[in-house]
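Here is what each chain is made of, one letter per residue.
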Amino acid sequence: MHARFALTLGAVAMFATVALGAFGAHALKARLPPEMIEVWRTAVQYQAWHALALVTVGLAFGQRPAGAAAAAATWFFVAGIVLFSGSLYALALTGERWLGAITPIGGIAFLLGWAAFAWAVARR
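No experiment lies behind these values; they were computed from the predicted model shown. Every chain's residues receive numbers from 1 upward, in the order its sequence appears when written. Local features in this predicted model are restricted to residues of pLDDT 70 or higher, and side-chain atom pairs are both shown and tallied only at a pLDDT of 80 or more, whereas totals for entire chains, interfaces and linings draw on every residue. Side-chain descriptors were evaluated using all non-hydrogen atoms of the structure, hydrogens and water having been removed beforehand.

> When you look at the nonpolar core in this model, what are you seeing that I'm missing?
Where a protein is soluble and globular, its nonpolar side chains tend to be buried together. Within the largest apolar cluster, 31 residues are counted, with the highest numbers of intra-cluster contacts made by V57, F61 and F77. Helix and strand definitions here come from DSSP, where helices need a minimum of 4 consecutive H or I residues and strands a minimum of 2 consecutive E residues; each element is numbered from the N-terminal end. Contributing elements (two or more residues each) for this core: α1 (3-28), α2 (34-60), α3 (68-94) and α4 (103-123). We call two residues in contact whenever any of their non-hydrogen atoms come within 4.5 Å of each other. In this structure, F77 is in contact with H50, A53, L54, V57, F110, G113 and W114, ignoring residues within four places of it in sequence. Remark: nonpolar core denotes a set of buried residues (Ala, Val, Leu, Ile, Met, Phe, Trp, Tyr, Cys) joined through side-chain atoms within 4.5 Å. Accessible area is worked out with a 1.4 Å probe on protein chains only. A residue is then buried under 20% of its type maximum, exposed over 50%, and partly exposed in between.

> Quick question: what am I supposed to make of α3 here?
For the α-helix, the turn length of 3.6 residues means that residues three or four positions removed from each other point alike. What a helix is expected to span follows from its residue count: subtract one and scale by 1.5 Å. Between its terminal C-alpha atoms α3 stretches 37 Å, which fits the 39 Å expected from 27 residues at 1.5 Å a residue. What we call the bend at a residue is the angle made by axes fitted to the seven residues finishing there and the seven residues starting there. G86 marks the point of greatest bend in α3, at about 25 degrees. The positive-phi residue at the C-terminal boundary of α3 is G95, with phi of around 75 degrees.

> Is there a simple way to explain the packing of aromatic side chains in this structure?
Given two aromatic rings, one states the distance between the centres and the angle between the planes to describe the pair. The aromatic pairing rule takes the rings of Phe, Tyr and Trp, using the six-membered ring of Trp, and pairs them if the centres are within 6.5 Å, calling planes under 30 degrees apart stacked, those over 60 edge-to-face and the rest tilted. Tallying each qualifying case throughout the model produces nine aromatic pairs. Seen from their ring centres, F23 and W40 are 6.0 Å apart, and the 55 degrees between their planes marks the pair as tilted. In this pair, F23 is assigned in helix α1 and W40 in helix α2, connecting sequence segments 17 residues apart. Judged by relative accessible area, which is 39%, F23 ranks as partly exposed. Note on W114 and F117: the rings are 6.2 Å apart at their centroids and 70 degrees apart in plane angle, and the pair reads as edge-to-face. A residue pair is termed a helical-turn pair when its members lie 3 or 4 positions apart in one helix, as W114 and F117 do in helix α4 at three residues. Given the relative accessible area of 13%, F117 is considered buried. By way of ring pairs, the aromatic residues F61, F77, W114 and F117 are connected into one cluster.

> What is the right way to read the pattern of salt bridges from this model?
In a structure, side chains of opposite charge can pair up when their charged atoms sit close to one another. By definition, a salt bridge exists where a carboxyl oxygen of Asp or Glu is found within 4 Å of a side-chain nitrogen of Lys or Arg. Under the criterion given, the structure shown has one salt bridge. A salt bridge links R41 to E38; the shortest N-O distance between them is 2.6 Å. Of this pair, R41 and E38 are both found in helix α2, three residues apart, which corresponds to roughly one turn of the helix.

> How do you make sense of the packing of α1 against α3 when you look at a structure like this?
The description of two packed helices rests on the angle between their axes and on the distance between the axes. Axis definition: a line fitted to C-alpha atoms, over the contacting stretch in the case of helices. Angles run 0 to 180 degrees between N-to-C directions. Closest axis-to-axis distance for the α1/α3 pair is 12 Å, and the angle between their directions is 15 degrees. The angle between α1 and α3 falls in the class roughly parallel. For the crossing formed where α1 meets α3, the hand is left-handed. On α3, the residues touching F5, A6, L9, A13, L20 and L28 of α1 are T74, W75, V78, I81, Y89 and L93. When grouped by side-chain class, the residues that make up the contact of α1 with α3 number eleven nonpolar, one polar and no charged. Just so you know how the angles are binned, under 35 degrees is roughly parallel, over 145 roughly antiparallel, 65 to 115 roughly perpendicular, and the rest oblique. Crossing handedness is defined as follows: a turn of the near helix away from the far one that is anticlockwise and smaller than a right angle gives a left-handed crossing, while the clockwise case is right-handed. Ten residue types, Ala, Val, Leu, Ile, Met, Phe, Trp, Tyr, Cys and Pro, are classed as nonpolar, four, Asp, Glu, Lys and Arg, as charged, and the remainder, Gly among them, as polar.

And the structure:
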């Protein structure tokens, strides 16, 4: 896993964050109940933080291969964005409450990403 890969994923995820945030604020505000707008905002917020985490992983490891722990952190952050934020986006749009059961799995992926990142930095 190269730092450039993490940086690219982070930039793409942040691009999507801005687009999804704007979509929620403009296109969905009049269509969703306030509690579902809050769910959408939570998804956008966590996606933004973890897109920045991906950029941080890339910056922390420069232009050389970063090792297994940094690669794990990258993939856990991506999994967290997909599972945590993705399930919340789907919940907000559909109202299907069972999707909320997926959200904690994404939260665990975020935690594992931060643990792997800490391990990678400590071993560097």
